[in-house]
Structure formats: C-alpha cells, structure tokens
Amino acid sequence: MSDKKHPQGGNLDDQALYYHTYPRAGKLEIQATKPLGNQRDLALAYSPGVAAPCRSIAANPDKAADYTARSNLVGVISNGTAVLGLGAIGPLASKPVMEGKAVLFKKFAGVDVFDIEVDETDVDKFVDAIAVLEPTFGGINLEDIKAPECFQIEDKLRERMNIPVFHDDQHGTAIIVAAAVRNGLELAGKDISTAKIVASGAGAAALACLNLLVSLGAKRENVWISDIEGCVYEGREALMDKWKSVFAQKTDKRTLSEIIEDADVFVGLSAGGVLKPEMVAKMAPKPLLMALANPTPEIMPEEAVAVRPDAMVCTGRSDFPNQVNNVLCFPYIFRGALDCGATTINEEMKLAAVEAIAALAREEPTDVVARAYGGITRTFGPDYLIPSPFDNRLILRIAPAVAKAAMASGVATRPIEDFDAYMDQLNRFVFRSGMVMKPIIQQAKAAPKRVIFADGEDERVLRAVQVVLEEGLAIPTLIGRPDVITSRCERFGLKVRPGTDFEYINPQDDPRYREYVDTLFSLVGRNGVTPDAARTIVRTNSTVIGALAVQRGEADALITGLEGRFDKHLRDISNIIGKGTDVTDFSTLSLLINSKGAFFLADTYVTEDPCADEIVEITQKAASQIRCFGITPRVALLSSSNFGSRTCKSAIKMRSAVERLWQENPDLEVEGEMHADGALKQEVLKRYMPHSRLQGPANTFVFPSLDAANIAMNLMKSMTDALHVGPILLGAAKPAHILTPSVTTRGIVNMTALSVVDAQNRET
C-alpha cells in the first residue's frame with residue numbers, strides 16, 4: 001500500500017492490508033485501567049504504593065487475582081507451524097492471526113490477551129519457554145501448532161502448569177462439532193451410542209473431535225478414520241502414531257469410499273473435494289456431513305443435497321448455514337474457566353460447553369442473529385444445528401456452564417458463590433445497559449404494567465415483546481393486523497402469538513372503533529378535526545390509537561416512534577394524553593452508556609431554544625427521572641461561556657438558570673454555566689472553580705439549545721460506540737415515549753421497563 005486511499009474497489013487482500021495498516025499498524029493496543037493524571041496516581045500505581053500489593057501477593061499468591069490483571073489475562077501462543085490454511089509460515093508471519101485471536105477474546109468475552117510468537121519448533125524447548133510464563137497468565141491458548149507436536153506440547157504444559165492450557169485448534173473445533181452432532185442426531189432420531197462415524201483426516205482437530213464424541217457416548221468400534229494413506233486399520237504402519245492408533249479398525253477395507261457406507265456422521269477435516277457425491281449416496285438415512293475443510297469443503301453443500309435431500313451439512317464457511325467457527329466457544333470457555341480460577345480445562349468442562357451450545361441452537365433466535373444473516377431468521381432444524389457466532393447469548397450459556405462444571409469436578413480455586421450475581425455481570429457485559437438498567441428492570445418485574453406498542457408489526461417490537469414476556473417486564477398490547485403479526489412471528493422464529501400471549505388492537509377491525517373515534521373527537525374536535533377526519537385518523541394512525549388506549553385507561557404506557565417524525569408523534573401525544581400538571585412543556589432525556597459510564601443529556605429532541613425558566617424545568621424533570629435509576633444526578637449546565645468568560649445571550653440564560661436551581665433545589669449537585677471538559681474532569685474544574693458544587697464528574701448535561709444537545713448526543717454515540725437508551729419523554733400526563741427509527745430490540749426492551757416503572761411511580 002503506497003498511500004492512504006481506502007481500496008474500495010480493491011480485492012480482499014488489498015482491503016485486508018489497508019485494514020491492518022490504518023489508522024495505526026496492527027489490531028491491538030494496551031490501555032491503562034487506572035488513572036495516571038497526577039503525582040498521587042503515580043505514587044499509587046508505581047513506587048512506593050505498588051509495594052503493598054506486592055507484599056500481599058508474596059504472602060498469599062491467590063491475591064494476584066485481586067490486585068493484578070492476571071485472572072483475566074490469556075496468552076495466545078504459537079510457533080507458526082500450522083497457520084490457518086497457510087501452513088508453516090513461521091512465528092512472525094503468524095502474528096496477524098494471533099492479534100486477531102486476541103481481538104476475538106476481547107470482543108466476545110472481555111478477556112485480555114498478550115499474543116506471544118515463539119521461534120522454536122523443538123517440543124521440549126517450546127514447552128520450557130511457555131511453562132515459565134505461568135506467573136503472567138490466567139490461562140494459555142495454544143494456536144496454529146502442527147500435529148503431532150501440538151499433542152505433545154499440550155500434554156507437557158498441562159503437566160507442568162497449574163492454569164488452563166487449551167489448544168483451540170483441537171478442542172474448540174471438537175466442542176462445536178460435538179454440539180452439531182448432538183443436535184443432528186436428535187433431528188435424525190438416532191442414538192450416538194449406535195451411530196457410525198467416519199472421519200476424513202487425522203490431524204489434531206479431527207482426533208480431538210473423535211475423542212470428544214467418544215466422551216459424549218460414541219463407541220470406539222463405530223468410529224472409522226481415513227487419511228492420505230487411506231483407512232486407519234490394525235497393522236498399518238505408514239503415518240501412524242499413538243493418538244491415531246486408538247481408532248484403528250480390524251478390517252480389510254482401505255478407502256474412504258468403502259468405509260463411508262451406512263455412515264450416520266461424516267467428520268471432514270482434510271481437503272476439499274475428497275467426499276464424492278456417490279459416497280454420500282451410500283450413507284445412512286438423514287446423514288450428517290461435517291465438511292470442514294477451508295476454503296473448499298470436502299463436498300459442497302449443494303452437491304451433497306442433490307444426491308441426498310435428507311442430508312444435514314455443516315461447513316467452516318460463513319456463506320453457508322451451520323458454520324463451525326471456533327469463536328462459538330473458546331472466548332466463553334476461557335471466560336468461565338478464568339472466573340472460577342480453574343486450574344485446567346477438563347473433559348467435564350468441555351462437555352458442559354457442548355451441551356450449552358447445542359441447547360442454545362434449540363432456543364428462539366434473537367434479532368442480533370437475524371441481522372447477522374441479512375434479516376433471515378433461522379430456527380432449529382437441518383439448516384440451524386448450531387448457533388450463530390453472532391448470538392449474544394453464547395457467553396450467558398457457556399461461561400456459567402463451564403464454571404459450574406469446573407466447580408463440580410474440583411478444579412475451581414475460586415468457586416463462584418452467587419450465580420445470580422455472576423449472570424448479572426455477564427449480562428452487563430453483553431448488553432452494556434445491564435448495570436444501569438438493573439434497578440429499572442427489577443422494579444418493572446415486581447409489578448408489570450400494561451404497555452401498548454404502536455408499531456406492533458415491526459420485527460424489533462415483536463422480538464422485544466417476546467423478551468418482555470419471558471422476563472416478566474410488562475403486559476404488552478400490540479397495534480397491528482393479527483394475521484400480519486402471526487406470519488411475522490412465524491417467519492422470525494418467535495413463539496409468541498397474538499390473542500394467546502398478548503392482546504392486540506386491529507386498526508382495520510376493532511369493536512372499540514366507534515368509542516375511540518368519539519374520544520378523539522371530544523379531545524380535538526375544536527382543533528380543526530372533523531368527525532370524518534377523526535374516523536380516518538383512528539383507522540390509520542397507530543400513535544393516536546395507542547394514546548387513546550392510555551387516555552381511556554386501557555393501557556398504562558405507550559411506546560411509539562419507530563416510524564415517522566418525532567414532532568408528529570409528539571403532537572398526537574400532546575393532543576390526546578397532554579402535559580402533566582405544573583408542566584410548562586415536554587422535554588426529553590437521553591441516556592448514553594459507553595466504556596466511561598452512563599451519561600444523561602437533556603433536552604435532545606423537543607425544545608429548540610429554551611429560556612432560563614424552561615432550562616430550570618428541564619433540569620428538574622431530568623434529575624427526578626435519573627434518580628429512578630438509583631443514580632445521584634450531578635448536573636452541568638453547558639455553555640460556550642465558562643463561569644462568566646462570555647456574556648452572550650445563551651450564556652446569560654444558563655447562568656440565570658443555575659442560580660434559580662441553587663435556590664429551588666439546594667440538594668441538587670448542579671453547576672454552570674461551564675465548558676464540557678470541566679464538567680467531566682475534576683482537575684480541570686478545580687482550576688476554574690475550586691469550590692464547585694459538583695462533588696465528582698458530571699453525569700448529566702443540560703444544553704442551551706436543541707441543536708447543541710442533539711449534535712452532542714449523536715457525536716458521543718458514534719465516537720464512543722455508546723448505547724443509547726431513550727429518548728425518555730418527560731412531562732406527559734401519562735407514560736408515553738417516542739423512540740427513534742434507529743432503535744434496537746434491546747432499546748425497546750429497556751424503554752418498556754422504563755415505561756412500566758414510570759406507570760408504577762404515578763400510582764404512588
């Protein structure tokens with residue numbers, strides 16, 4: 001690459017080289033987790049303060065889990081002798097792959113990684129180099145090491161090290177293959193103890209797969225292997241070793257074509273095209289084909305299905321169903337092992353992961369999975385034997401299962417005492433909103449309320465409603481045509497059905513239609529709306545229908561806004577539900593959650609140029625709402641002026657507003673008018689205002705205009721990859737919230753919980 005121009009039209013290699021080069025070389029960086037902004041921080045982080053944890057660890061090595069990152073640090077280690085499909089390209093050339101592995105660990109399970117590339121092919125010397133690193137790591141992930149050396153290295157390291165050592169090429173693949181076999185045989189109505197299993201290839205991954213299938217219940221006498229020398233049989237001498245010999249059969253058959261007859265399962269980890277259609281035709285009914293050679297499988301799925309329409313096919317490729325991808329398990333296995341302080345990853349832990357993965361495939365898919373497949377929803381069946389790598393529930397199923405298995409088998413040094421708390425921790429990692437939303441979710445579950453969804457036919461709403469029902473957050477009512485809702489639920493693989501699991505209002509045919517028209521006309525008949533217009537509106541405007549249901553007491557809260565303009569939805573809510581008592585106008589509060597924490601911004605959607613009185617009201621309503629999260633609001637009134645540095649009109653109104661807030665709300669931590677950097681950083685604030693009323697960094701920001709608030713919100717959301725919860729509509733007489741077209745299913749679930757809590761609070 002000679003310049004920085006993005007190769008939009010280039011081939012994959014060009015784009016990959018650009019990706020790895022810009023904006024900085026590589027895929028990893030080291031980030032500090034503690035502040036280092038002053039002399040005191042330095043004294044705590046290094047000398048002399050660091051001596052305290054050092055002495056503690058010297059006295060009790062287990063304290064390393066409390067005072068260092070070791071318990072969340074994995075070494076990804078390779079000598080580059082079997083890199084992906086590239087072969088023995090050496091340790092330095094393998095580094096991009098190892099960095100990629102590190103990124104996957106961090107992205108999918110929050111596990112930190114040091115990648116270590118070792119220039120050594122001698123087994124004992126390699127083992128010596130790694131074993132002495134035990135004080136550094138909580139676990140070791142061996143990667144891209146050729147067989148049979150990989151078996152020897154793993155065995156020797158497991159003997160010498162008291163932390164998990166896991167060769168992912170072997171065991172990661174084996175775990176996913178075993179899960180697919182578990183589900184494939186269930187669909188075929190077969191028992192693994194009697195199934196005939198034929199493998200093509202006898203490398204590390206293939207042998208690990210077969211060994212794990214035996215642990216799952218397969219019989220060794222039913223397992224057959226073919227490699228480049230043909231069938232593995234008793235008495236064969238060429239290319240044999242002690243690991244392969246375990247599966248040697250007493251037979252005169254010598255080819256894959258001969259041993260494949262009547263096979264129930266084919267496990268291919270060999271070379272493209274070795275499994276011919278005529279071989280597949282000889283297999284048992286409903287055969288399961290694991291054609292995992294990359295980039296070309298042992299047989300292409302369309303070739304297999306052409307001769308055997310009853311076949312179930314898995315590959316290693318993302319462009320076909322049933323992708324066997326190690327990222328399905330290795331991050332989460334390490335997550336569970338690290339969290340309980342496991343000294344190894346044993347057979348019990350691997351089998352627990354198998355069962356967790358297999359069970360997840362049988363659950364209803366989420367919208368995250370659907371988006372990953374271009375909107376196509378796959379449900380458990382021949383084309384969905386194993387979950388998608390993008391299923392965000394993998395960590396929630398695998399990590400606890402692995403930890404429990406480690407504890408039950410006696411290898412956990414820090415057993416997890418409270419699995420409910422552990423699940424909360426994992427949920428917070430998955431959704432990022434978990435910690436902030438926890439008090440809201442818990443309160444909503446305590447007394448669910450009736451929430452009506454104006455966009456009841458939208459896929460995101462349907463998925464959210466299933467979650468809402470499963471978690472017991474609310475009693476939903478959907479506005480939409482029941483036949484459309486039913487067909488879409490079926491298409492998306494959802495269990496819920498209108499009229500059975502939730503109520504619905506059909507705009508085209510509802511017995512309350514005339515009553516709704518009369519109610520609407522009574523509210524807006526003197527605002528230029530004729531009776532004929534009222535009838536049309538009630539047939540066509542779902543926000544109006546939902547608002548009427550809330551106003552008539554048939555629902556406790558309204559969720560709308562997935563389609564259409566915010567101001568139009570607000571007008572309908574204003575006309576029907578109206579503003580609360582002592583409320584001058586509506587406003588909105590947006591919650592952004594990123595790696596730095598939770599931040600509230602107001603007013604992001606309603607008031608274009610609020611006066612000082614409106615700023616005061618917006619701040620007061622926002623502070624009241626924030627307390628519902630169990631968070632103490634620390635409010636900064638932001639401005640281009642920093643404590644009187646400017647005298648523009650905008651600055652004067654913010655200054656006036658903060659003075660009124662001090663008078664009316666003396667217990668509220670509020671400061672201004674001020675710059676945003678001072679609001680976020682105490683050391684900056686103290687330079688300008690040593691005796692500030694903010695006792696810590698601000699978590700709530702009030703802006704002088706709608707432009708400033710909305711621009712800041714979208715900048716923060718995009719630049720920090722923040723999760724947006726909201727907008728939360730403040731000031732309505734009854735709970736109603738107008739979401740935005742970009743909202744996700746999880747966003748709808750969060751806002752549903754907020755609506756329920758809002759309705760609960762209005763009853764007290």
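Residues numbered from 1 in each chain as written. Predicted model: local features only at pLDDT ≥ 70, side-chain atom pairs only at ≥ 80, totals over all residues. Heavy atoms only, no water.

### What about the packing of aromatic side chains?
Note the cut-off: Here a Phe, Tyr or Trp ring, Trp counted by its six-membered ring, pairs with any other such ring whose centre lies within 6.5 Å, and the pair is stacked when the planes are under 30 degrees apart, edge-to-face when over 60, and tilted otherwise. Only DSSP runs of H or I with at least four residues qualify as helices, and only runs of E with at least two residues qualify as strands; both kinds are numbered from the N terminus onward.
Within this structure, the stated rule accounts for 10 aromatic pairs. Considering the side-chain rings of Tyr-18 and Tyr-22, the 4.9 Å spacing of their centres and the 45 degrees angle between planes classify their relative orientation as tilted. With 5.4 Å between their ring centres and 75 degrees between their planes, Phe-105 and Phe-334 make a pair best called edge-to-face. With Phe-105 in helix H5 (residues 91–109) and Phe-334 in helix H14 (residues 330–339), this pair connects stretches of sequence that are 229 residues apart.

### Thoughts on unusual backbone geometry
Short version of the rule: With a 1.4 Å probe rolled over the protein chains alone, any residue whose accessible area is under 20% of its type maximum counts as buried; one over 50% counts as exposed, and the rest are partly exposed.
Of note, the bond from Tyr-22 into Pro-23 is cis; its omega dihedral lies within 30 degrees of zero at 0 degrees. With respect to the secondary-structure elements, Pro-23 resides in the loop between helix H1 (12–21) and helix H2 (39–45). A cis geometry characterises the amide bond from Ser-47 onward to Pro-48, with omega recorded as 5 degrees. Locating Pro-48 in the fold gives a position in the loop between H2 and helix H3 (51–59). If you check the backbone angles, Lys-286 has positive phi at about 50 degrees while not being a glycine. Summarising the element assignment, Lys-286 is placed in the loop between helix H12 (277–281) and strand S9 (288–291). With a phi close to 50 degrees, Asp-721 is a non-glycine residue in the positive phi region. Judged by relative accessible area, which is 53%, Asp-721 ranks as exposed.

### A look at the sheet that holds strand S17 (residues 634–638)
The condition that has to hold: Here, strands pair whenever DSSP counts at least two bridges between them. Note on definitions: angles span 0 to 180 degrees between N-to-C directions of axes, and those axes are lines fitted to C-alpha atoms, for helices only across the stretch in contact.
The six strands are arranged S18-S17-S19-S16-S15-S20 in an open sheet whose pairing can be described as mixed. In this open sheet, the two strands that pair with only one neighbour each are strand S18 (669–674) and strand S20 (723–730). Adjacent strand axes in the sheet meet at a mean angle of 20 degrees when their direction is disregarded. Across six bridges, strand S15 (residues 587–594) lies against S20 in antiparallel orientation. Its bridge partner being in S20, Ile-593 is matched across the sheet by Leu-723.

### Quick look at the pattern of salt bridges
Basically, it comes down to this: Whenever a carboxyl oxygen of Asp or Glu lies within 4 Å of a side-chain nitrogen of Lys or Arg, that contact is scored as a salt bridge.
For the structure on display, the rule yields 40 salt bridges. Of the charged contacts, one joins Arg-571 and Asp-572 as a salt bridge, the two residues approaching to 3.8 Å between their closest N and O atoms. The class for Asp-572 is buried, based on a relative accessible area of 9%. Each of Asp-510, Arg-512, Glu-515, Arg-552 and Glu-554 takes part in salt bridges that share partners, so that together they form one network.

### Some remarks on the pairing of strand S5 (residues 197–200)
Applied cut-off: By definition, the crossover connecting two strands over a helix is right-handed if that path, from the first strand to the second, turns clockwise as seen with the strands pointing away from the viewer.
Residue alternation in S5 divides its side chains into two sets, Ile-197 and Ala-199 and Val-198 and Ser-200, and both sets are buried. In this view, the connection linking S5 to its parallel neighbour strand S6 (residues 223–227) by way of helix H9 (residues 204–216) has right-handed handedness. Bridging between S5 and strand S8 (residues 265–268) involves four bridges; their strand directions are parallel. The partner of Val-198 across the bridge, within S8, is Phe-266.

### So, the pairing of strand S12 (residues 474–479)
Within S12, five of the six residues are buried, which leaves the element mostly enclosed by the surrounding structure. As defined by bridge partners, strand S11 (residues 449–453) adjoins S12 across five bridges and the pair is classed as parallel. Opposite Val-451, over in S12, you have Pro-476 as the bridge partner. Once the chain exits S11 it traverses helix H20 (residues 459–471) before rejoining the sheet at S12, and the crossover so formed is right-handed. As paired elements, S12 and strand S13 (residues 503–505) share three bridges and run parallel to each other. What sits directly across from Thr-477, in S13, is Glu-503. As a crossover connection, the stretch from S12 through helix H21 (residues 482–491) into S13 is right-handed.

### Digging into the state of the cysteines
So the rule is basically this: Only a pair of cysteine sulfur atoms within 2.5 Å qualifies as a disulfide here.
Evaluation of the coordinates by the stated rule reveals zero disulfides. Considering cysteine sulfurs only, Cys-209 is the nearest to Cys-150, which forms no disulfide, with 12 Å between them. Taking relative accessible area as the criterion, Cys-150 reaches 1% and is therefore assigned buried.

Shape descriptors only; they carry no functional weight alone.
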